[in-house]
Amino acid sequence: MSEQGLNRRRLLTSAVAAAGGLSLGLSLGPSAAHATPPDANRTRRAGATWENLIEKSSFSSLSAFNQEWNYLYPWEGDADTHNGAARMHAGQVSLSQGVLTLTATRLAAPDGTSPHAPNAPLWYRSGAVHAKEQILVNDQFPEYDIEGEFRTQTGRGIWPAFWTTGTWPAWPPETDILEYVGDSTNLFNTWSKDANGGEVVERERVEVANPDAWHKYRVWMYKDGDDVMLDYYFDGVWKATHRGVGWAGIPQRLIINLQMGSYASGEPGDADWAQQPGPTGNTYFRARNVWVGRTRAW
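Residues numbered from 1 in each chain as written. Predicted model: local features only at pLDDT ≥ 70, side-chain atom pairs only at ≥ 80, totals over all residues. Heavy atoms only, no water.

(A) Focus on the nonpolar core. Membership of the largest hydrophobic core comes to 51 residues, with the highest contact counts inside it found for Trp69, Met221, Leu254 and Ile256. Top element by residues in this core is strand β17 (residues 252-260). It accounts for five residues. In this view, Trp69 contacts Ile54, Ser58, Phe59, Val129, His130, Ala131, Lys132, Leu254, Ile256 and Val290; residues no more than four positions away in its chain are not counted. Of all hydrophobic cores here, the second largest spans five residues; its members include Tyr222, Met229, Tyr233 and Trp238. (Core = buried A, V, L, I, M, F, W, Y, C linked by side-chain atoms within 4.5 Å. Buried < 20%, exposed > 50% of the residue type's maximum accessible area, 1.4 Å probe, protein only. Helix = DSSP H or I, 4+ residues; strand = E, 2+ residues; numbered from the N terminus. Contact = heavy atoms within 4.5 Å.)

Right, dumping it as structure tokens:
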């Protein structure tokens with residue numbers, strides 16, 4: 001869900017691009033990073049060394065939600081928009097029986113255009129929330145565990161995500177723990193920069209038979225020198241290990257949002273760009289049992 005320009009989303013929406021055939025100045029990390037599962041003997045450290053930053057009960061009531069979460073995006077200025085076709089409103093966020101629901105509603109006409117590139121016409125009103133507590137992998141907090149259960153509608157013009165990004169305006173780091181861009185393939189993404197400042201992404205695609213059933217998405221972050229390693233899991237099964245190059249010591253924000261249109265349904269210059277094709281009715285993205293914990297070394 002990066003703010004970094006148009007090229008990135010062209011990459012994500014190119015269903016025919018092979019891992020070795022990427023363009024637009026982006027590169028994938030080595031495929032070997034996906035080949036070997038993490039050490040089966042490596043487990044979460046003893047419970048006494050762990051702190052719960054976000055409890056699984058944070059969606060159980062409005063008061064619990066307000067202790068852990070804020071509405072909209074975490075950046076200063078234009079916090080109700082990003083690089084898609086939806087303007088975020090607190091009224092599109094609801095809680096019921098421990099479930100957070102984000103609802104995207106198609107409008108009769110665009111509510112202006114997003115100030116964030118690629119300046120999509122805002123055909124939707126939707127919801128976004130971000131955690132009040134920052135994520136900071138360093139020597140004091142060398143491990144973070146982030147997980148949640150989600151169900152989402154998918155298809156053209158639907159772009160839900162559960163992700164972290166560097167504290168604005170720093171980018172990367174970014175990890176996409178859940179991201180569907182116009183189809184039913186979840187994208188585990190890790191964004192870094194190379195020595196020349198170019199964008200580098202490691203990506204694991206997971207085909208999901210029914211994203212609109214409850215599934216668990218998880219990333220386990222742990223410090224490795226100046227880098228941060230990330231183990232990705234889907235429904236408790238390890239899928240990939242990525243390296244966040246130079247991530248150590250950079251604060252990050254955790255975001256849940258239902259973005260719409262834009263890169264999930266076309267690019268500027270496409271014949272249907274102004275119409276932002278996507279669902280004509282309401283679209284729903286639901287979350288429950290979201291939890292964040294970390295190890296404290298001192």
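(B) Quick look at the pairing of strand β18 (residues 283-295). Sheet analysis places strand β2 (residues 50-54) next to β18, joined by four bridges and oriented antiparallel. In the sheet register, Trp50 faces β18, and the bridge partner there is Thr295. As paired elements, strand β6 (residues 99-106) and β18 share five bridges and run antiparallel to each other. Bridging from a neighbouring strand, Thr103 pairs with Tyr284 of β18. Pairing geometry for strand β9 (residues 143-152) and β18, over eight bridges, is antiparallel. If you follow Phe150 over to β18, its bridge partner there is Ala287. (Pairing = 2+ DSSP bridges.)

(C) Layout of the side chain of Ser114. Here Ser114 lies in the loop between β6 and β7 (124-126). A polar side-chain atom of Ser114 sits 2.5 Å from the main-chain carbonyl oxygen of His82. Those residues within four positions of Ser114 in sequence are excluded, and the remaining contacts are Thr81, His82, Gly84, Asn119, Ala120 and Leu122. (Polar contact = N/O pair within 3.5 Å; in protein donor to acceptor, adjacent residues only side chain to side chain.)

(D) Summary view of unusual backbone geometry. That bond from Ala117 to Pro118 is cis: its omega, 10 degrees, falls within 30 degrees of zero. Cis geometry marks the peptide bond from Trp168 to Pro169, where omega comes out at 10 degrees. Relative to the helices and strands, Pro169 is located in the loop between β10 (158-166) and β11 (174-179). In this structure, Leu72 takes a positive phi of about 70 degrees despite not being glycine. Position of Leu72 among the secondary structure elements: in the loop between β3 (69-71) and β4 (86-88). In this structure, Gln97 takes a positive phi of about 50 degrees despite not being glycine. Tracing the backbone through its elements, the reader meets Gln97 in the loop between β5 (93-96) and β6. The exposed category is assigned to Gln97, whose relative accessible area is 82%.

(E) Structural detail: the packing of aromatic side chains. If you walk through the whole model with that rule in mind, you get 13 aromatic pairs. Arranged with centres 6.5 Å apart and planes meeting at 35 degrees, the rings of Phe59 and Phe65 form a pair that is tilted. Both residues of the pair, Phe59 and Phe65, count as buried. With a centroid separation of 5.2 Å and 45 degrees between ring planes, the pair formed by Phe65 and Tyr71 is classed as tilted. (Phe/Tyr/Trp six-rings, centres within 6.5 Å; stacked < 30°, edge-to-face > 60°.)

(F) Local environment of the pairing of strand β12 (residues 185-193). Where burial is concerned, most of β12 is hidden: eight out of the nine residues are buried. As paired elements, β11 and β12 share three bridges and run antiparallel to each other. Following the sheet pairing, Asp176 is matched in β12 by Asn189. Connecting β11 to the antiparallel partner β12 that follows it, the hairpin turn spans five residues, and Gly182 within it adopts a positive phi of roughly 85 degrees. Two strands pair when backbone bridges link them, and β12 and strand β13 (residues 199-207) are joined in this way by nine bridges, in the antiparallel orientation. By the bridge assignment, Thr185 is partnered in β13 with Glu207.

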